[in-house]
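# Structure assessment
Each chain is listed here by its residues.
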Amino acid sequence: MEGYIWLIPVLPLAAFVITLLFGKWWIKEHAHWLPILAMAGSFGLSLAAFVQIRGAEEPVVVELWRWFSVGSFQVPLGMQVDQLSSVMLLVVSGVGLVIFIYSKGYMHGDTGYYRFYAYMSLFAFSMLMLVLANNYLLLYFGWEAVGLCSYYLIGYYYHKPEAAAAGKKAFIVNRVGDFGFGLGVMLVFVTFGTLDYLKVFELAEAGAVAETTLIGITLLLFMGAMGKSAQFPLHVWLPDAMEGPTPVSALIHAATMVTAGVYMVARSAVLFASAPGVLLVVGGIGTFTAIFAAVIGICQKDIKRVLAYSTVSQLGYMFMALGVGAWAIAIFHLVTHAFFKALLFLGAGSVIHALGGEQNMDKMGGLRKRIPATYYTLVAGALALSGIFPFAGFWSKDDILGAVWRDGKYLLWAVGLVAAFITAFYTFRMIFLTFFGKSRLDEDTEHHVHESPWSMLVPLIVLAVASTLGGFLGLPGKLGLIQHFLEPVFAPADHILGLHEYSLAASDYVLMVVSVIVAMLGIVLAWYMYVRRVDLPLKVGARLQPAYRVVYNKFYVDEFYAATFVRVAVDGSTWVWHRFDEAVIDGAAHGLARLWQVLGHAGRRLQTGKVQHYLLGIFVGLFVIVTVVVFR
Amino acid sequence: MEPTSATMPIPVDWYLYLSAVLFLIGAVGVLTRRNLFIILFSIELMMNAVNLNLVGFSRFHEDMLGHNFVLFTMAIAAAEAAVGLAIAVALFRNRQTLMVDLFTRMKG
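Residues numbered from 1 in each chain as written. Chains lettered and ligands numbered in written order. Predicted model: local features only at pLDDT ≥ 70, side-chain atom pairs only at ≥ 80, totals over all residues.

### Re the overall build of chain A
Of regular secondary structure, chain A possesses 26 helices and 2 strands. Going through the 632 residues of chain A one by one, you find that 51% of them count as buried. Contacts in chain A between residues far apart in sequence, at least 24 positions, make up 81% of those at least 6 positions apart. (Helix = DSSP H or I, 4+ residues; strand = E, 2+ residues; numbered from the N terminus. Buried ≥ 20, exposed ≤ 12 C-beta atoms within 10 Å, placed from the backbone. Contact = placed C-beta atoms within 7 Å.)

Right, dumping it as structure tokens:
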């Protein structure tokens, strides 16, 4: 395995370089082949690594070369493969491969085709580096690089002002989180004297560090996770990120990049387990985000924005799991979520494609018979997201709620259950608005509705199968394959928290039944409101006018930021611009120029242009010199 | 050393006075006159003042090196005069005048 690990990220990197250099003039509309092949190669190698790492007690670490070497600050460019990174490798390269193939159909004929594939490849490289890193600095590199690619791809339609603004917003909001993350990494180095995962965790496990320091480190690291994984209050960038092309939303803003925060917290499980107070913060913020975003999702009209808020909400679930020390279950939910959320995004993309770019659900409806393949796959994804037995989301979400219950966090459990109800409701609201009822399409689009090409449908079907069966990877209790697989990674953290393997009790079955019933209720309510009594939503909206308005406007978080942070930054910068930049800096530069101008004006009088004046000068000078020399 | 000798009936001082006066006339001419020709003549005058100086000292020291110098200077001066006149002609063709105070393109 040591021999080929480096190839996993390098293959997409090579695809990126070649596509970017030759895409515009030479490869053009064939730009998809190289990235897809590179991705397939990475996926194959990831599979090989997965097979080899299975059951291994120790992680495999490969140090390619020294990256930094300053005094005691030694950072290798090293890659670490253990069970956790191997799962992440499979998700990133597997879902990535499927989405790359889908993009061939979705992005077909776009003017920036090669640019799209180039940046997607760069993203794949960065994400694979992120999960393969064996130290915090390399993780930070991947972390920033995926953020950069996210920025490029959100602003892919850069001629649209909203897209450009959304890219900027994503970058800036992430910067807030990354500020904390960067400080966290520095604090890790100051505290442990190294950035290597293995050494850091070994020291932390040995209890060599004061708990207050660990609290500081984990809080700072979690701040980074909040930015990258769009947790309240840094969630605002993710819904806007939907301005990017749909495959980008599926790959970056649903399946992989936004889960980097979850991965990082799970990776640092030992540190977080040693600071139980911070775990509570993680769980609390996750739970709040889960219900907060789900509520906003109810009122969104843009099909992609519903999914975006759903992603925020599901990421909240993952943090909820991390908060009770259910690391493996969080990763399990990450995996199933990657399947069904990528499916939902790609399905939504297929709908948008069929309608020639329409994203507003008020202008859809009745599409069930007209794009059946999209419909069936999308319903599979919706059932998985809602947590209906036996779809993937049921197992992972139920595992999370079960873990929260076992940990005695009943309040979090209750909130999570309500969020599950809302999730089922808004998911099927989306399905019913899109596929059921009467057609509300525009005249023009009505005639052009068409099923998507095979290159788009095959990925949908693959992901639908994964979303349907993926849950059996992580059956609860001792049956869980993925939990068992990840055990070597999380055993030290579990040991610190005093968690043990548990056996299924009767209460677990009750919990499962309860959560399915709750999800079913959500679906039934959605059916009642959006199929049976289509007049009801408007009436309810009118009755609850103030509440509706608050939710529709996303709790005015954006407006709050605009009125506070943005305003302070803009006003402050404007003040500095006028008072300092213009007055002092420009003043100094202009003043200097003015000085030389005045001197020049005085000096130009000497330059009369008449040779005889110059000659006079020469003679006078000569006379003076001779006089001095002779009569000295 | 005597100011006069058998080979030098006129004392060397007089050569020097004459030379100085000629040089000054030339210098004032260069500085004050506007016509390029007159300026060239004045330069010639200054040069010949120097020549006279050299010849005078040559005779005074009874050393022929000064003569050699002067012969060289005259040859060079002839060439220089040719070049100077050529420039004057070219200038005149360009500007239809030889008044140097009108040539102020170098003015800053």
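### Here's the deal with the overall build of chain B
What chain B contains, in helices and strands, is 3 helices and 0 strands. Over its C-alpha atoms chain B spans a radius of gyration of 18 Å, topping by over 25% the 13 Å that the globule rule assigns to 108 residues. Per-residue burial for chain B yields a buried fraction of 9% across its 108 residues. (Rg over C-alpha atoms; globule rule 2.2 N^0.38 Å.)

### Observations concerning the environment of Gly286(A)
Residues and elements named next belong to chain A. Assignment of secondary structure puts glycine 286 in helix 13 (residues 276-298). Residue glycine 286 is classed as buried on the basis of its 31 C-beta neighbours within 10 Å. Residues glycine 286 and methionine 226, 60 residues apart in the sequence, show an inter-C-alpha distance of 9.2 Å.

### A closer look at the pairing of strand 2 (residues 73-81) of chain A
All names here are of chain A. The sheet contact formed by strand 1 (residues 60-70) and strand 2 spans 9 bridges and is antiparallel. Residue pairing in the sheet places valine 70 in a bridge with phenylalanine 73 of strand 2. Hairpin connection between strand 1 and strand 2: a loop of 2 residues separates the two successive antiparallel strands, and glycine 71 in this loop has a positive phi of roughly 60°. (Pairing = 2+ DSSP bridges.)

### Some points on helix 22 (residues 506-532) of chain A
Residues and elements named next belong to chain A. Relative to the 39 Å expected for 27 residues at 1.5 Å per residue, helix 22 spans 37 Å between its end C-alpha atoms, a close match to the ideal helical length. Those residues of helix 22 lying buried are Leu511, Met512, Ser515, Val518, Ala519, Gly522, Ile523, Ala526 and Tyr530. Buried residues along helix 22 sit in contact with helix 16 (372-386), helix 17 (392-406), helix 18 (410-435) and helix 23 (536-543). (Expected span 1.5 Å × (residues − 1).)

### Some points on the packing of helix 16 of chain A against helix 20 (residues 454-469) of chain A
Residues and elements named next belong to chain A. Taken N-terminus to C-terminus, the directions of helix 16 and helix 20 make an angle of 30°; their axes are 9 Å apart at the nearest point. In terms of orientation, helix 16 and helix 20 fall into the roughly parallel class. The handedness of the crossing between helix 16 and helix 20 is left-handed. Contact residues: Ala373, Thr374, Thr377, Ala380, Gly381 and Ala384 in helix 16; Leu457, Leu460, Ile461, Ala464, Ser467 and Thr468 in helix 20. Of the residues in the contact of helix 16 with helix 20, the class split is 7 nonpolar, 5 polar and no charged. (Axes fitted to C-alpha atoms, helices over the stretch in contact; angles between N-to-C directions. Parallel < 35°, antiparallel > 145°, perpendicular 65-115°, else oblique. Left-handed = near helix turned anticlockwise from the far one by under 90°. Nonpolar A, V, L, I, M, F, W, Y, C, P; charged D, E, K, R; others polar.)

### Observations regarding the confidence of the model for chain B
Do not read the fine detail of predicted coordinates wherever pLDDT is low. Looking at chain B, pLDDT values average 87 and 91% of them are 70 or higher. As a predicted assembly, this complex carries a pTM of 0.79 together with an ipTM value of 0.77. (pLDDT = per-residue confidence, 0-100.)

### A short note on the interface of chain B and chain A
Accessible area lost during the coming together of the parts is what is often quoted as the interface size. On the chain A side, the residues contacting the 10 residues of chain B number 10 residues. Across the side of chain B that touches chain A, the residue classes break down as 5 nonpolar, 2 polar and 3 charged.

### Regarding helix 11 (residues 260-267) of chain A
With 8 of 8 residues buried, helix 11 of chain A is to be regarded as a mostly interior element. Turning to helix 11 of chain A, its buried residues are Ala260(A), Gly261(A), Val262(A), Tyr263(A), Met264(A), Val265(A), Ala266(A) and Arg267(A).

### Comments concerning unusual backbone geometry
All names here are of chain A. A cis geometry characterises the amide bond from phenylalanine 232 onward to proline 233, with omega recorded as 5°. As for its placement among the helices and strands, proline 233 is situated in the loop between helix 8 (211-228) and helix 9 (237-240). Look at the link from phenylalanine 389 to proline 390: it is a cis peptide, with omega at -5°. Although it is not a glycine, lysine 554 adopts a positive phi angle of roughly 55°. Here lysine 554 shows up in the loop between helix 24 (545-552) and helix 25 (557-604).

### Let's talk about the nonpolar core
Residues and elements named next belong to chain A. Within the largest apolar cluster, 214 residues are counted, with the highest numbers of intra-cluster contacts made by Ala321, Ala330, Ile331 and Ala342. No other element matches the 19 residues that helix 15 (residues 327-354) contributes to this core. Ignoring anything within four residues of it in the chain, the contact list for isoleucine 331 reads Leu84, Val87, Ala266 and Leu486. (Core = buried A, V, L, I, M, F, W, Y, C linked by C-beta atoms within 7 Å.)

### Here we look at the packing of helix 3 (residues 83-106) of chain A against helix 4 (residues 113-132) of chain A
All names here are of chain A. The N-to-C vectors of helix 3 and helix 4 enclose an angle of 170°; their axes lie 9 Å apart at closest approach. One way to sum up the angle between helix 3 and helix 4 is to call them roughly antiparallel. Judged by residue contacts, Ser85, Met88, Leu89, Val92, Ser93, Gly96, Phe100 and Ser103 of helix 3 engage Phe116, Met120, Ala124, Met127, Leu128, Val131 and Leu132 from helix 4. Its residues assigned to classes, the contact of helix 3 with helix 4 shows 11 nonpolar, 4 polar and no charged.

### As for the environment of Val489(A)
Residues and elements named next belong to chain A. As for its position among the elements, valine 489 is in helix 21 (residues 481-497). Placed 222 residues apart in sequence, valine 489 and arginine 267 show a C-alpha to C-alpha distance of 8.3 Å. Ignoring anything within four residues of it in the chain, the contact list for valine 489 reads Asp82, Gln83 and Leu84.

### Some remarks on the environment of Trp575(A)
Residues and elements named next belong to chain A. The residue tryptophan 575 is located in helix 25 in this model. Note on tryptophan 575: 10 C-beta atoms within 10 Å, which makes it exposed. Between the C-alpha atom of tryptophan 575 and that of tyrosine 317, which follows or precedes it by 258 residues, the distance is 43 Å.

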